[in-house]
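Report on the structure
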Amino acid sequence: MKKKLERRIVSFMMAVILVIGTLQVPGLTLEVHADPAHSGTCGTDVNWNIDDAGMLNINGNGEVTSNPWFNYDSNSEIKKVLIGEGVTKVTAENFMSCPNLEEISVEEGNANYSSADGVLFNKDKTEIILYPSHKVGTEYTVPDSVTVIGAYSFVSCSSNLISISLPAGVTRIGDNAFSKCSGLEEIYIPDSVTEIGKYAFDRCSGLEQMIFPAGVTSIGEYAFRGCSKLKYLTFPDKEITIGNDAFLNCPLDTVYNAGSWVNMNYDRTYAGNDVLSNASKADRVPVFKIALKTATLEINDGESADLEMVMLPSYATEKNVTWKSSNTSVATVADGTVTGEGPGTATVTVKTADGEKTASCTVNVGIGGTFGNGWSYELDQNGKLTISGTGDMPGFHEEGGPWNEYSYKVKQLEISNGVTSIGNFAFYDCYNLTGITIPAGVTSIGDNAFRNCEDLTNIILPAGVTSIGDNAFEDCSNLTGITIPDSVTSIGNGAFANCDSLTSITIPDSVTSIGDNAFANCSDLTGITIPAGVTAIGSGAFRGADKLQEINVSAGNLNYRSDGGVLFSKDNVLIAYPCGKAGAYSIPS
């Protein structure tokens, strides 16, 4: 206590001196140096300092040979570490006593080390060196590149870290690697691991079960000492050397072994090994867990893909499983091979023979293929239809495009850039279509292109469209608005016929012709203005528009005029009388 007080007094005095700066007294100059509790050297040519934000900066050239930040209270202040590009050697031991460490970073130019997600690795990420003890997160998956779990790499990791998964290429777990990870409840060790080092899981008080991988040949001394909940062990059928007191103070209940017990090489004179002999023995190895490596699978109708299952342990004596799809009209499954049967979503489930262990995968099936010359389409499980190609889209007959079989599934449409026209009958009868994205390069909308798309409510045609084909939007019964750009010159026959929710429409000045029955039976349309440039209006253009009260003509039109809201030609031929016009009307003489 006295020494701690003395250190605090010294630290306070040094802080005061730092504030004052360099004091000059006649005949005396006092040089002020940095606070020794927060900076100094940690190697021949390597320096360190801790800034106000809790960042430990290590710079210089060479090896870190000491941990001077442990000599004061500084280690508890450290939240982050930045390793400079000239540092050639650091170890987990340099930082493992920093209880609040959240993140480790390495300057990009460092030739020996790297970091990812705040975790320290060697340069090529084949060895994990240190997982910060106070890093946030309940789960961690070690990157696939790692082959070695370094000594002390997870020592005293946060009690919030409950699950760790090691990649298939790992061969060795170093000494003390997971020592004192008190929150760790589950760890997946791949069959590639052959060696588990000394004290590797010492005092991992959350572990209840350990499934040893099929490749393991040695387990170091005290490897699982003090794992106070560890009750179940599972061993493969092979010779394994077990170090002294490997399971000291573990309340083992059952030990499963896939092979001969004579392959277990250990000295029973050690209490930590004798617990193996005293535990119940089972030659049958059940499946403890199954998992699918793919959580979500995306395939097209008619395509197949294999789901890879992981079984723990891989040497289980009862490996039979069953597969099932929740919707066979969308996807079927046989021995893990999934086949798309139609657009939609299904859940594929695999289950052990006893039904106790299951794993599942969400399967999204779309449809896709090619048409025309270099064109392709894809309809995903959410109903989004994407058309890709360049130039004029091929036209179709009344049966529509190749996606027409699933036209009821189409809810959104996206046409890629580069398309210049939309083909005839392209999206005919896509009656659940609610949204369209048409690229700026499109210049024409083909005949019947969107006919009977009855859930469309609003359409914006891009600038550059010059023609709207015959019956292009006929029977779009919920269409309430459409934006026609001032590049359009012609509106085809029946283009908006039976759009009985359309209340208004603005025909741009660029239009010169309106086809037969163009707005026939638009029963909610109340008014319309014919622009000055129109030279031709087809027969029955406004027939059956029951609420149409007036038809106006812009000044300057050389071919048509309006009299009291009634449409005439310039030579006084009655063209159209608004169906919704109220009161008596006298035809002009």
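Bear in mind that the values here come from a model prediction, so they are computed numbers and not experimental data.

**Here's the deal with the overall build of the protein chain**
Each helix and strand in the protein chain was counted, giving 2 helices and 52 strands. For 589 residues, the compact-globule estimate of 2.2 N^0.38 gives 25 Å, and the C-alpha radius of gyration of the protein chain, at 39 Å, exceeds that figure by more than 25%. The C-alpha extent of the protein chain, read off along each of the three principal axes, is 120 × 90 × 45 Å. Relative to its 589 residues, the protein chain shows a buried fraction of 45%. Across the protein chain, every contact between residues at least 6 apart in sequence was considered, and the portion connecting residues at least 24 apart equals 39%. Of the roughly 26,900 Å² that the protein chain leaves accessible, carbon and sulfur atoms contribute 46%.

**As for the layout of surface pockets**
As a volume, the largest pocket reaches approximately 980 Å³. For the largest pocket, the lining is made up of 38 residues, of which Ser 165, Tyr 188, Lys 289, Val 310 and Leu 312 are closest to its centre. Looking at the lining of the largest pocket, the elements that each hand over two or more residues are β13 (139-141), β15 (163-165), β17 (186-188), β19 (209-211), β26 (289-292) and β29 (309-312). Split into classes, the residues belonging to the lining of the largest pocket amount to 25 nonpolar, 5 polar and 8 charged.

**Topic: the sheet that holds strand β31 (residues 331-334)**
Strand order in this open sheet of 3 strands is β28-β32-β31, and the pairing throughout is antiparallel. For this open sheet the edge positions go to β28 (304-306) and β31, each flanked by a neighbour on one side alone. Recorded for the sheet is a direction-independent mean angle of 20° between the axes of neighbouring strands. By the bridge criterion, 3 bridges tie β28 to strand β32 (residues 337-340) in an arrangement that is antiparallel. In the sheet register, Ser 304 faces β32, and the bridge partner there is Thr 339.

**Structural notes on the nonpolar core**
Counting residues in each nonpolar core, the largest one holds 66 residues, and the members touching the most others are Phe 427, Phe 496 and Phe 519. Within the residue set of this core, elements represented by two or more residues are β34 (358-371), β35 (375-379), β36 (384-388), β38 (412-415), β39 (419-422), β47 (527-530) and β49 (550-553). By residue number, the principal contributor to this core is β35, which donates 3 residues. Excluding residues that lie within four positions of it along the chain, Phe 427 makes contacts with Leu 385, Ile 387, Met 393, Trp 403, Leu 413, Ile 415, Ile 422, Ala 449, Phe 450, Arg 451 and Cys 453.

**Overview of the environment of Asn 160**
Along the chain, the position of Asn 160 falls in the loop between β14 (148-149) and β15. Its relative accessible area of 49% is what places Asn 160 among the partly exposed residues. Placed 25 residues apart in sequence, Asn 160 and Lys 135 show a C-alpha to C-alpha distance of 8.9 Å. Asn 160 has contacts with Gly 137 and Thr 138, leaving out every residue within four places of it along the chain.

**With respect to the confidence of the model for the protein chain**
Model confidence for the protein chain is summarised by a mean pLDDT of 90, while 91% of its residues fall at 70 or above. Across residues 1-34, where pLDDT falls below 50, the model places 16 contacts with residues more than four positions away in sequence or in other chains.

**Topic: the pattern of salt bridges**
Considering all chains together, one arrives at 11 salt bridges under this definition. With its nearest N and O atoms 3.4 Å apart, the salt bridge here joins Lys 135 to Asp 117. Taken as a pair, Lys 135 in the loop between β12 (127-130) and β13 and Asp 117 in the loop between β10 (113-116) and β11 (119-122) lie far apart in primary sequence, 18 residues in all. Relative accessible area serves as the criterion here: at 9%, Lys 135 is assigned to the buried category. Asp 117 gets classed as exposed once you look at its relative accessible area, which sits at 58%. Each of the salt bridges in this network shares a partner with another, and the network as a whole consists of Asp 202, Arg 203 and Arg 225.

**Quick notes on the packing of aromatic side chains**
Here a ring pair, both rings aromatic, is described through the centre-centre distance and the interplanar angle of the planes. Scanning all chains against the criterion turns up 29 aromatic pairs. Ring centres of Trp 403 and Phe 427 lie 5.7 Å apart, and the angle between their planes is 20°; on these two criteria the pair is classed as stacked. Of this pair, Trp 403 sits in the loop between β37 (391-392) and β38 while Phe 427 is found in the loop between β39 and β40 (435-437), placing the two residues 24 residues apart along the sequence. There is no split in this pair, since Trp 403 and Phe 427 are both buried. Chaining the aromatic ring pairs together yields one cluster made of Phe 371, Trp 375, Tyr 377, Phe 396, Trp 403, Phe 427, Phe 450, Phe 473, Phe 496, Phe 519 and Phe 542. Positioned above the aromatic ring of Phe 568 is the side chain of Arg 561, whose terminal nitrogen or guanidinium carbon lies 4.9 Å from the ring centre.

Rules used throughout
- The numbers attached to residues start from 1 for each chain and follow its sequence in the written order.
- Local features in this predicted model are restricted to residues whose pLDDT is 70 or higher, and side-chain atom pairs enter the listing and the counts only when it is 80 or higher, whereas totals over whole chains, interfaces and linings include all residues.
- Water and hydrogen atoms play no part in the side-chain values, which are based on all heavy atoms of the structure.
- Helical segments are the DSSP runs of H or I of at least four residues, strand segments are the runs of E of at least two, and each set is numbered from the N terminus.
- To get the radius of gyration, use the C-alpha atoms; to get the globule rule, take the number of residues to the power 0.38 and multiply by 2.2 Å.
- When accessible area is computed with a 1.4 Å probe and restricted to protein chains, residues below 20% of their type maximum are described as buried, those above 50% as exposed, and intermediate ones as partly exposed.
- In this analysis, two residues are considered to be in contact whenever any of their non-hydrogen atoms come within 4.5 Å of each other.
- Surface accessibility in these figures is a Shrake-Rupley result with a 1.4 Å probe; residues are shielded only by whichever protein chains are displayed.
- In this analysis a 1.4 Å probe is tested at points of a 1 Å grid over the protein atoms alone, and where it fits but cannot get out there is a cavity; an open set with protein on both sides within 12 Å along at least five of seven lines is a pocket; lining residues have an atom within 4 Å of a point.
- Grid points are joined across faces, edges and corners, and a volume is the space filled by probe spheres set on the points.
- By the convention adopted, Pro, Cys, Tyr, Trp, Phe, Met, Ile, Leu, Val and Ala count as nonpolar, Lys, Arg, Asp and Glu as charged, and the other residues, Gly among them, as polar.
- Between any two strands, at least two bridges found by DSSP are needed for them to pair.
- Lines are fitted to the C-alpha atoms to define the axes, a helix being fitted only along its stretch in contact, and any angle between axes, read from their N-to-C directions, falls within 0 to 180 degrees.
- For this analysis, a nonpolar core means a set of buried residues of the types Ala, Val, Leu, Ile, Met, Phe, Trp, Tyr and Cys, connected via side-chain atoms within 4.5 Å.
- Every residue is assigned a pLDDT by the predictor, reflecting its confidence on a scale from 0 to 100.
- Note on definitions: salt bridges are taken to be side-chain nitrogens of Lys or Arg within 4 Å of carboxyl oxygens of Asp or Glu.
- Note on ring pairs: Phe, Tyr and Trp rings are taken, using the six-membered ring of Trp, and paired if centres are within 6.5 Å. Classes follow the plane angle, with under 30 degrees stacked, over 60 edge-to-face and the rest tilted.
- Consider the ring centre and the ring normal. A charge sits over the ring if Lys NZ or Arg CZ is within 6 Å of that centre and within 35 degrees of that normal.

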